[in-house]
Amino acid sequence: MTKSWKTKLIHTDAKIPEGYRSLSFPTYRGSTTLFRSADLATDNWDQWQVGYTYGLYGTPTVLELAARVCELECGAHTILTPGGQAAISLINLALLQSGDHILVPASVYYPNRKLATRLLSRFGIATDFYDPFIGADISALIQENTRLIWCESPGSITMEIQDLPAIVAAAHARNVRVVLDNTWSAGVLLDAFAHGVDVTMQAITKYIGGHSDLLLGSITVRDDALYQRLGAAQQVIGCAVSPDDCSLALRGMKTLAVRLSAIETSALAIARWLSGRPEIERVLHPALASCPGHEFWKRDFLGSSGVFSIVFKPGPTQQHVHAFVDALQLFQVGYSWGGVASLANAYNIGRFPGRPSYGHRIVRLNIGLEAADDLIHDLEQALRKLAA
Ligand SMILES: Cc1ncc(COP(=O)(O)O)c(C=O)c1O
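Scope of this entry: the structure provided in the associated data block. (Residues numbered from 1 in each chain as written. Predicted model: local features only at pLDDT ≥ 70, side-chain atom pairs only at ≥ 80, totals over all residues. Heavy atoms only, no water.)

## A closer look at the packing of aromatic side chains
Applying the stated rule across the entire model yields 6 aromatic pairs. Measuring from centroid to centroid gives 5.2 Å for Trp 45 and Tyr 227, while their planes differ by 70 degrees, and the two rings are edge-to-face. On the criterion of sequence distance, the pair formed by Trp 45 in the loop between helix H1 (5-10) and helix H2 (47-50) and Tyr 227 in helix H7 (residues 224-237) is long-range, its members being 182 residues apart. Note on Trp 45: relative accessible area 12%, which makes it buried. Taking relative accessible area as the criterion, Tyr 227 reaches 5% and is therefore assigned buried. Ring plane angle 75 degrees and centroid distance 5.9 Å describe the contact between Tyr 54 and Tyr 57, whose orientation is recorded as edge-to-face. Taking the ring centre of Phe 129 as reference, the NZ or CZ of Arg 113 above it sits at 4.1 Å. (Phe/Tyr/Trp six-rings, centres within 6.5 Å; stacked < 30°, edge-to-face > 60°. Helix = DSSP H or I, 4+ residues; strand = E, 2+ residues; numbered from the N terminus. Buried < 20%, exposed > 50% of the residue type's maximum accessible area, 1.4 Å probe, protein only. Lys NZ or Arg CZ within 6 Å of the ring centre and 35° of its normal.)

Here you go:
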């Protein structure tokens, strides 16, 4: 067929050499996915079962990242979402229905709490918040209609480590599934499935992404039945992920081990140094005995990452604490963590039953890849100003 140049723009006969090989996985972009014939066209979402059908359900770049996360977490299947919070929402929307009840730790990531109280409640799903240290006593809170128990270990900002095996045993005895937000461990420093968890999610945004330039989440499940529920819900909710972001996450994944190891060493050195400071009441770093639940960290985790909190002794006002954060020169203020730049955020933890009320005295640090000594000097000069 002879073609006009306009047609050639769309249907080309141009050829390039074959046989290119690279160390990086290609970025396949695409909404439309082509079928070989009319009778092969299908809208089935399960690309592992039927091949590629539509960009919403993943291009090879998306599935490559999903498969790699699944391999690292030792799960059965992984589904990717546009962010960690989207993973939390998809789990609840896929696995719950009107009339159900869920249990959520009081120390949970705040948007997870808000989802339960402000949105799930409108769809007839009830939530009770529990003390993160409840352990086996969670049995007493399980109702006939309890379907999910959420765990997050360590808890957001206040850093409580939970007794996961005790909660899992109590849940499974009553046929209730356990979901874990495993973001702090990057999915690798805690083997959630070995501890009996049914579903994990993590914000890939943090350590796997690793450079504060993408938003992605993952959900990993222990069996096919959960995968079918989640995949079918993702299809109708339509939360697709960007292959470009997945490509960045695949690149981030290659350096995850060295970043985590360097961050762990620095964070521990800084946490220990802070423990000796007269201004600090408590350092909430899971690998230190001063962190509530440290014994569970020691028993269950394979290491520690770089997010922890400090609690000032009573005295400084909220303004003083903010002035301390503002006096830091290397630590910057900003949400999200797990990247290469150190961050410091001041919080004012309100009174939630089951959560220690440190008030305005708590600051969360994200340790990045700067030299630990420089970060210590930075903290030292800011603490000196606090005392002045
Ligand atoms: C523990 C935890 N889970 C989930 C999320 C949500 O991740 P994303 O920002 O990718 O939505 C965050 C974000 O800060 C988090 O800290």
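There's more to say after this.
## A look at the site of the ligand
If you check the shell around the ligand, you find 13 residues, and the closest are Gly 84, Gln 85, Asp 181, Thr 205 and Lys 206. Gln 85 has a polar backbone atom sitting 2.9 Å from an oxygen atom of the ligand. The separation between an oxygen atom of the ligand and a polar side-chain atom of Lys 206 is 2.8 Å. Relative to its unbound accessible surface of 390 Å², the ligand loses 89% to contact with the protein. Of the residues that constitute the shell around the ligand, the class distribution is 4 nonpolar, 6 polar and 3 charged. (Near = heavy atom within 4 Å. Polar contact = N/O pair within 3.5 Å; in protein donor to acceptor, adjacent residues only side chain to side chain. Areas by Shrake-Rupley, 256 points an atom, 1.4 Å probe, with all protein chains shown as cover. Nonpolar A, V, L, I, M, F, W, Y, C, P; charged D, E, K, R; others polar.)

## Details of the sheet that holds strand S10 (residues 343-349)
Spatially, 4 strands are ordered S8-S9-S11-S10 in an open sheet, and the strand pairing comes out antiparallel. The outermost strands of the open sheet, each flanked by one partner alone, are strand S8 (280-284) and S10. Within this sheet the neighbouring strands show an average axis-to-axis angle of 25 degrees, counted without direction. Strand contacts of helix H11 (residues 318-327): strand S9 (307-312), S10 and strand S11 (359-366), with the helix running at about 170 degrees to S10, the strand carrying the most contacts. (Pairing = 2+ DSSP bridges. Axes fitted to C-alpha atoms, helices over the stretch in contact; angles between N-to-C directions. Contact = heavy atoms within 4.5 Å.)

## Describing the packing of helix H4 (residues 84-95) against helix H5 (residues 110-119)
The interhelical angle for the contact between H4 and H5, taken along N-to-C directions, is 35 degrees, at an axis separation of 10 Å. You can see that H4 and H5 cross each other, and the crossing is right-handed. On the side of H4, the interface is formed by Gln 85, Ile 88, Ser 89 and Asn 92, while H5 contributes Pro 111, Asn 112 and Leu 115. In terms of residue class, the contact of H4 with H5 is made up of 3 nonpolar, 4 polar and no charged. (Left-handed = near helix turned anticlockwise from the far one by under 90°.)

## As for a nonpolar patch on the surface
A surface patch of nonpolar side chains, about 470 Å² in accessible area, is lined by Leu 93, Leu 119, Phe 123, Val 236 and Ile 237. In this structure, Val 236 sits in helix H7. (Patch = residues over 30% accessible without salt bridge, like charges linked within 9 Å, V, L, I, M, F, W, Y side chains within 5 Å. Salt bridge = Lys/Arg side-chain N within 4 Å of Asp/Glu carboxyl O.)

## A look at the pattern of salt bridges
Applying the stated criterion across every chain, the model contains 9 salt bridges. Lys 3 serves as the salt-bridge partner of Asp 13, at 3.0 Å between the closest nitrogen and oxygen. Of the two residues, Asp 13 is situated in the loop between H1 and H2 and Lys 3 in the segment before H1; the sequence distance between them amounts to 10 residues. Looking at Lys 3, the relative accessible area reads 24%, which means it is partly exposed. Arg 29 serves as the salt-bridge partner of Asp 244, at 2.8 Å between the closest nitrogen and oxygen. Residue Asp 244 is located in helix H8 (residues 243-254), and its partner Arg 29 is located in the loop between H1 and H2; the two are separated by 215 residues in the primary sequence. Residue Asp 244 is classed as partly exposed on the basis of its relative accessible area, which comes to 30%. One salt-bridge network, held together by shared partners, links Asp 163, Arg 299 and Asp 300.

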